[in-house]
Amino acid sequence: MAAPVPPGASRPSGNAPPLNYNYNPNLPRNYPDSLADNMQNLQLNSLPPSVIPNSRPGPPPFPSAAPLSSPYPGVSPPISRPLGSPALASMPRAAPLTGPPPAAIAPNAIPPVTQPPPFTSRPASTHFLAGPTSLQSGPVVPPLGDRPGAFSSSSPLVGPSVPSSSGSGPVSNGPPVFGSGAPTGGPRFPLAGGTQQTPGVGPSPPTMLSARAPSHPPTMRSFLGTPVSTAPPGSMGQPAPPFAGSVQGVPPQSGSPYGSRMWQMQQQQMVPPVPGSAQSPRMFGMTPPLPNQSMASIQPAMDQSGAPMTGPSKIDPNQIPRPVPTSSVILYETRQGNQANLPPPATSDYIVKDTGNCSPRYMRCTINQIPCTSDLLTTSGMQLALLVQPLALPHPSEEPIQVVDFGESGPVRCSRCKGYMNPFMKFTDQGRRFVCNLCGFTDETPRDYICNLGPDGRRRDADERPELCRGTVEFVASKEYMVRDPMPAVFFFLIDVSVNAIQTGATAAACSAISQTISDLPEGPRTLVGIATFDSTIHFYNLKRDLQQPLMLIVPDIQDVYTPLQTDVIVQLSECRQHLELLLENIPTMFQTNRTADSAFGAATKVAAFLAMKSTGGKLLVFQSVLPSVGMGALSAREAEGRTNISAGEKEAHKLLQPVDQTLKTMAIEFAEYQVCVDLFITTQNYVDIASISVIPRTTGGQVYYYYPFSALSDPAKLYNDLRWNITKPQGFEAVMRVRCSQGIQVQEYFGNFCKRIPTDVDLPGIDCDKTIMVTLKHDDKLLDGSECAFQCALLYTTVYGQRRIRVTTLSLPCTSMLSNLFRSADLDSQFSCLLKQAAIEIPSTPLSQIREQVTNVCVNILHSYRKFCATVSSSGQLILPEALKLLPLYTLALVKSTGLRTDGRVDTRSVWINYVSSLSTPLAIPLVYPRMLAIHVLNSEELEGSLIPPSIPLSSEHVSDSGIYLLENGNDAFIYIGNSVAPDIMQQLFGVPSVDQIPTQFVLQQFENSLSKKLNDVVNEIRRQRCSYLRLQLCKKGDPSGMLFFSYMVEDKTPGGLSYVEFLVHIHRQIQSKMS
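Asks: Mind showing me how you'd approach the overall build of the protein chain here?
Replies: Within the protein chain, the regular secondary structure consists of 23 helices and 40 strands. By residue count, 65% of the 1077 residues in the protein chain fall in the buried class. For the protein chain, restricting intrachain contacts to residue pairs at least 6 apart in sequence, the fraction spanning at least 24 positions comes to 80%. If you sum the accessible surface of the protein chain, you get close to 36,400 Å²; carbon and sulfur atoms cover 53% of it.

Here it is, written out as structure tokens:
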């Protein structure tokens, strides 16, 4: 049955100019090499114009800019995996950097208040570095002699640390622009002959820890399927402040995804190679540490006479390792002198020069020296894995990824393993043959690719060919990589119009958000859109241009579903824009008298994704408010049943985190086969069984956005920004990814949001710049000490502009047979990210108490191995930690107390946490469990002059004053805590009321005409830019449940069910002592 949609009274003008889409992956064809500018698409700190009453539409928030040269080349259709016989067609020539980029241009005028300010910066990275520390517990007399200070670092910070206040002149933070093939932007890097200190092994002081190898190798098979490890190079170098963005309300001038900022950069020494010979100081009475090794030990607390205090815990709380954020920018060169450099911490602010190895943004290894044998890896207790984020946003000052077109012959590849040409393949016989660095096979060089070799054995044109001198390159895919023409960019919106969604305002918020983001969709005839609504039935809409108004077509059968139209359900955006805007304006009114409470989510998703979209594929964006209750995939309120049967709920509570059956999983696999990526926007106030419905986005490369409890006042702004970032960020469709390794290492398993149909590849109907895939590795042979082991990730994908591309990312690391080298080159961020992801994987199938114990055991096993084999001469009364892993105990404790592993809390909340962690990027792993806390009431302090974000505070309630106001953020949510004794004038300045009791329950941050309020808004906007996320703000008051929620993040405090940080260190130390004895 078809019913016409009533025409609306007023309609949006729909004439907003298009956004600047010059970010690489989604680049229009005539700008094949341009860099992306899209983070500006996240609006800050105000409601979308249409949500604000009596607001008039503002001018376009982002002026269009000239396309820049692109590091994000296009994507590709479903892949056929051919044995390409490479031949060179036309190859772009890589020109050297030609000088510092131009200075940043001053931002424009501030747009009207009704238009949310742009989101213009890359996710924040806050690296924490602590100096050497050693700990004693028990009545053990400390060693004689001077004890090192709590955080005194015996070695200079490594890595090219660039003070923002000094340098050779301002350097633009905008992306480099290509002119005639030569990159002109990006900072100039010092020559190799410099004396810059390097992140890494040399002078950095690790916190030493000795432990003997466990009688049973510390694998996490029972816990996480494979051994887990956590270790970052603590000595890597001072991290830099997060990427800059424009001030609130001030749009950036440049096309940078980060916005523009004036940077003073100082050319410094180059980062030295991983192996080094410098020694760090040692504690008195200890034999000298191994070369390039340093240690930190936590000293016992002393009484007034200077003697060690006795009692259950004698650790001095002031000396324990804590994160120490730094604000300098690190200039990082991936290789120097034909050796790999240790990467800077993932949470630091760094600029990469790709000199053979890929940027650590794209691929990061948990250990930056590869153990020669599996026994050595097992002894260390650490995990060997890769964290791959193939479309990660580059820093705007970095040289863009170069696109190489070999024509119809396709890229040059190894004929045996199909590895792609990279800087580590060796040419022989005057360039007529090449040896694959992955499998060792010798191939004939294609005739038109032959080039003579220089005296050093390298091809004479190596520096002119990106694939021979860069760790990351993008190839244009030839016909052999396509099983069909590249798919168009399809966006299908599916909106819940059940009575609950209508009454809570969720439907209106969804329609408003979609209406405002239509103008952000890619322009051109290849962009297709469709829309449907659902309650207990499904309503499609014919958006054909020649109709006077959209027509509704109802599908009442939710068991045997079908589409009422074979065509006109998905149509070109350019042909239906007016009809679509009219429809979105009227949907809330059309269903305002709807009394249907049921939801046919499963049937609606299948009709939209499987029937309407299966011929094309694309993105399905579903706005869901209630538990799916009718039709295929109907669910019941399992949470309530679990609470009723208390004994069963306690014993098997984790089963509520598993899908109720395989119905939705089977549907999801079908969606993935037809290249449909599903994103869920859950705007609810009740239980919706996230564990079951999230199977669809996880299998199709999508994401779950969760708004609980949904507020029609404060959540529409976040919904709008989340949707806008979802459709405008660098992304690709119908992708396939494979990781190849050198002989001796093989891929064990992939973890993330994807569908896997064959063992070697993962299928990704959708992949974007925020998604990370964890790849665990294992030995299948012994590696040669001193040789290098290579890893290569190839992602075949299609851009939103229909270009088929292959992004190839290569990383080559040295092999070692020394255990001390493994601890020295461990990467804390990626080690902890693996631990976090593998814990999340276990939650649905293992009791939480068991997971918490296993997480702790992983930490103990790693530190015990270090103690036994690398710090054997130290006193047994000292807790000695490897420098790179000195914060591992703190982050392990934070994980044990995190939302995912706590026994309290809602089932859906834990399910959302699991899904969030599944594809979480490495820089956001630590902030998720150990958030950043800032004091807001001191923002006007003279001490903070010159710094936008105040220094972070340890997560302990002793640092929270009753007269203070604090902001806590974890990369996804933000909490503003207000004490009971805050001065009325501060309350008036920040919130417009004199007392905390007068602040409304549904809190929306506003900006008032005073400096303190402006600084708070600037801080919030800067954090949103850093995190690439429009953080959901929640107000917390002392004495009510919101205040308890805030204090639940104080992970260093003792809790009824958990140890304090000091107690946890004592517990870890005792476990190590027990293993040693």
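Moving on, there is more to tell.
Asks: What is the right way to look at the pairing of strand 35 (residues 804–816) in this model?
Replies: Note on strand geometry: in a regular strand, side chains alternate between the two faces of the sheet. The buried count for strand 35 comes to 13 of 13 residues, which makes it a mostly enclosed element. Pairing between strand 14 (residues 370–371) and strand 35: two bridges, direction parallel. By the bridge assignment, Pro 371 is partnered in strand 35 with Thr 816. The pairing of strand 20 (residues 472–476) with strand 35 spans five bridges and is classified as antiparallel. Paired with Val 476 across the strands is Arg 805, a residue of strand 35. What sits between strand 34 (residues 788–798) and strand 35 in their antiparallel hairpin is a turn of five residues, with Gly 802 showing a positive phi close to 80 degrees.

Asks: Can you walk me through the pattern of salt bridges in this structure?
Replies: A side chain of one charge can pair with a side chain of the opposite charge if their charged atoms are brought near each other. Overall, the coordinates contain 36 salt bridges when judged by the stated rule. One salt bridge connects Lys 771 with Asp 768, and the closest N-O pair in it is separated by 2.8 Å. Each of the two residues, Lys 771 as well as Asp 768, counts as buried. Salt bridges linked by common partners bring Asp 429, Arg 432, Arg 433 and Glu 444 together as one network.

Asks: Help me understand the packing of helix 17 (residues 888–896) against helix 23 (residues 1061–1076) in this model?
Replies: Packed helices, taken two at a time, are described by the angle their axes make and the gap between the axes. The interhelical angle for the contact between helix 17 and helix 23, taken along N-to-C directions, is 110 degrees, at an axis separation of 10 Å. With respect to each other, helix 17 and helix 23 are oriented roughly perpendicular. Both helix 17 and helix 23 take part in a crossing whose hand is right-handed. Note on element contacts: helix 23 touches helix 17 through Tyr 1061, Phe 1064 and Leu 1065, opposite Pro 889, Leu 890, Thr 892 and Leu 893. Considered class by class, the residues forming the contact of helix 17 with helix 23 number six nonpolar, one polar and no charged.

Asks: Please explain unusual backbone geometry as it appears in this structure.
Replies: In this structure, the amide linkage connecting Tyr 708 to the following residue, Pro 709, adopts the cis form with an omega of -15 degrees. Phi is positive for Asn 338, close to 65 degrees, though the residue is something other than glycine. Along the chain, the position of Asn 338 falls in the loop between strand 10 (335–336) and strand 11 (339–340). Accessibility expressed as a relative area gives 64% for Asn 338, which makes it exposed. The phi torsion at Lys 418 lies on the positive side, around 70 degrees, for a residue other than glycine. Assignment of secondary structure puts Lys 418 in the loop between strand 16 (403–404) and strand 17 (426–428). In this structure Lys 418 comes out as buried when scored by relative accessible area, which is 10%.

Asks: I tried to follow the packing of aromatic side chains on my own but got confused; where do I start?
Replies: Aromatic ring pairs: the centre-centre distance and the angle between the two ring planes describe each pair. Per the stated rule, a full pass over the model turns up 17 aromatic pairs. Note on Phe 832 and Tyr 891: the rings are 5.9 Å apart at their centroids and 55 degrees apart in plane angle, and the pair reads as tilted. Linking Phe 832 in helix 15 (residues 828–842) with Tyr 891 in helix 17, this pair joins segments that are 59 residues apart in sequence. Each of the two residues, Phe 832 as well as Tyr 891, counts as buried. A ring pair is formed by Phe 1046 and Phe 1047, whose centres lie 5.5 Å apart and whose planes are at 90 degrees; its orientation type is edge-to-face. Classification of Phe 1046 as buried rests on a relative accessible area of 0%. Judged by its relative accessible area of 31%, Phe 1047 falls in the partly exposed class. In textbook terms, an aromatic cluster arises when at least three aromatic residues are bridged by ring pairs, as seen for Phe 406, Tyr 420, Tyr 449 and Phe 475. The ring of Tyr 350 is capped by Arg 361, whose NZ or CZ atom sits 4.2 Å from the centre of that ring. One residue, Arg 459, lies across the ring of Tyr 449, its end atom 4.3 Å from the ring centre.

Rules behind the numbers
- Residues numbered from 1 in each chain as written.
- Predicted model: local features only at pLDDT ≥ 70, side-chain atom pairs only at ≥ 80, totals over all residues.
- Heavy atoms only, no water.
- Helix = DSSP H or I, 4+ residues; strand = E, 2+ residues; numbered from the N terminus.
- Buried < 20%, exposed > 50% of the residue type's maximum accessible area, 1.4 Å probe, protein only.
- Contact = heavy atoms within 4.5 Å.
- Areas by Shrake-Rupley, 256 points an atom, 1.4 Å probe, with all protein chains shown as cover.
- Pairing = 2+ DSSP bridges.
- Salt bridge = Lys/Arg side-chain N within 4 Å of Asp/Glu carboxyl O.
- Axes fitted to C-alpha atoms, helices over the stretch in contact; angles between N-to-C directions.
- Parallel < 35°, antiparallel > 145°, perpendicular 65-115°, else oblique.
- Left-handed = near helix turned anticlockwise from the far one by under 90°.
- Nonpolar A, V, L, I, M, F, W, Y, C, P; charged D, E, K, R; others polar.
- Phe/Tyr/Trp six-rings, centres within 6.5 Å; stacked < 30°, edge-to-face > 60°.
- Lys NZ or Arg CZ within 6 Å of the ring centre and 35° of its normal.

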